[in-house]
Amino acid sequence: MSLFQHAIVRRPCPQLAEGLTSVDLGKPDIQIALQQHRLYIAALQICGLEVDILPEDFRFPDSVFVEDVALCTSRCAIITNPGAPSRNGERNLISSTLEKYFNDIEMIDFPGTLEAGDVMMAGEHFYIGVTGRTNEAGAKELVKLLYKYDFSASLVPLTSFLHLKTGVSYLENNNLLVYGELEDHPAFQKYNRFVVPKEEAYAANSVWVNGKVLMPHGFPKTIQAVKEMGYPVIELELSEFQKVDGGASCLSLRF
Ligand code: GLY
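Residues numbered from 1 in each chain as written. Predicted model: local features only at pLDDT ≥ 70, side-chain atom pairs only at ≥ 80, totals over all residues. Heavy atoms only, no water.

(A) Spatial organisation of the site of the ligand. Contacts to the ligand come from L20, D62, F65, R87, R133 and V244. Between the ligand and the protein, one listed contact pairs an oxygen atom with a side-chain N or O atom of R87 at 2.7 Å. In isolation the ligand has 200 Å² of accessible area, and contact with the protein removes 99% of it. Taken together, the residues that form the shell around the ligand break down as three nonpolar, no polar and three charged. (Near = heavy atom within 4 Å. Polar contact = N/O pair within 3.5 Å; in protein donor to acceptor, adjacent residues only side chain to side chain. Areas by Shrake-Rupley, 256 points an atom, 1.4 Å probe, with all protein chains shown as cover. Nonpolar A, V, L, I, M, F, W, Y, C, P; charged D, E, K, R; others polar.)

(B) The arrangement of the sheet that holds strand β6 (residues 119–122) in detail. Across the sheet, which stays open at both edges, the three strands sit in the order β6-β7-β8 with mixed pairing between neighbours. Looking at the sheet topology across the chains shown, the edges are occupied by β6 and β8 (152–157). Sheet twist, expressed as the average angle between the axes of neighbouring strands with direction ignored, equals 20°. Where β6 meets strand β7 (residues 125–130), four bridges bridge the pair, whose relative direction is antiparallel. Bridged to M121 within β7 is F126. Each of β6, β7 and β8 is contacted by helix α3 (residues 136–148), which is oriented at about 165° to β8, the strand it contacts most. (Pairing = 2+ DSSP bridges. Helix = DSSP H or I, 4+ residues; strand = E, 2+ residues; numbered from the N terminus. Axes fitted to C-alpha atoms, helices over the stretch in contact; angles between N-to-C directions. Contact = heavy atoms within 4.5 Å.)

(C) Structural context of the packing of aromatic side chains. Evaluation of the coordinates by the stated rule reveals 10 aromatic pairs. When the centroid spacing of 5.2 Å and the interplanar angle of 65° are considered together, the rings of Y101 and F255 count as edge-to-face. Pair noted here: Y101 is in the loop between α2 (95–99) and β5 (105–107) and F255 is in the segment after β15 (253–254), with a separation of 154 residues, a long-range link. The partly exposed category is assigned to Y101, whose relative accessible area is 25%. On the basis of relative accessibility, which here comes to 13%, the residue F255 falls in the buried class. Here the aromatic rings of Y127 and Y191 are separated by 6.4 Å at their centres, their planes lie at 75°, and the arrangement is edge-to-face. With a gap of 64 residues between them, Y127 in strand β7 and Y191 in the loop between β10 (175–178) and β11 (192–195) connect regions that are remote in the sequence. Comparing Y127 with Y191 shows no difference in burial state: the two are buried. Among the aromatic residues, ring-to-ring pairing joins Y127, Y170, F188 and Y191 into one connected group. (Phe/Tyr/Trp six-rings, centres within 6.5 Å; stacked < 30°, edge-to-face > 60°. Buried < 20%, exposed > 50% of the residue type's maximum accessible area, 1.4 Å probe, protein only.)

Structure below.
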């Protein structure tokens, strides 16, 4: 596995409370969100990443979830085409930043839609969720692009999750957190799987960064399981992002 050197994040904007959500946990408090975001950045820095911090953009309430607008691989970056109409314009905000780090930048275009929360990298292979945000055309476009750069990829049609990584996280070394409709999915049987209990579903979105795992605070069974797999865990308060369907991976691009 190769280590990450960089991360890109975007500060949350005061309009975060207008972000898309499917949960009823109340509105996020922007001051608390900003503090949680600062600690998230510090965690990435502890993991050895140089963090490029983009300014907030009040036009896009969900733009703090920067992971969805691009897929950053070791060989290229791919700007996505978010399927949520209120988020689609976010794709236009990322190219100049990616140009600092990548020579090869590709794009997903209509009729394909794709959000990279639906893309999970496991070594040289990429799993692509087909969801309400990523359609089959977008997923197939991404497969073609990944093949061009000598990666492999496969589609995972989903019925209930917002994004693929809502319910599965690859932690390297063949270890996986998995939840809900993906628990028994044939694509993931070859991994050492920890099935996240229902009451801890939010922790299924955790993120491996250079040997450590960033996890949301307050999910003791899953945190213990990850520690027993041998990883140091950095626990983060992410309550304000959870209120708008955002998790540990959604808040950064890592490469
Ligand atoms: N609020 C995150 C999203 O729905 O994309």
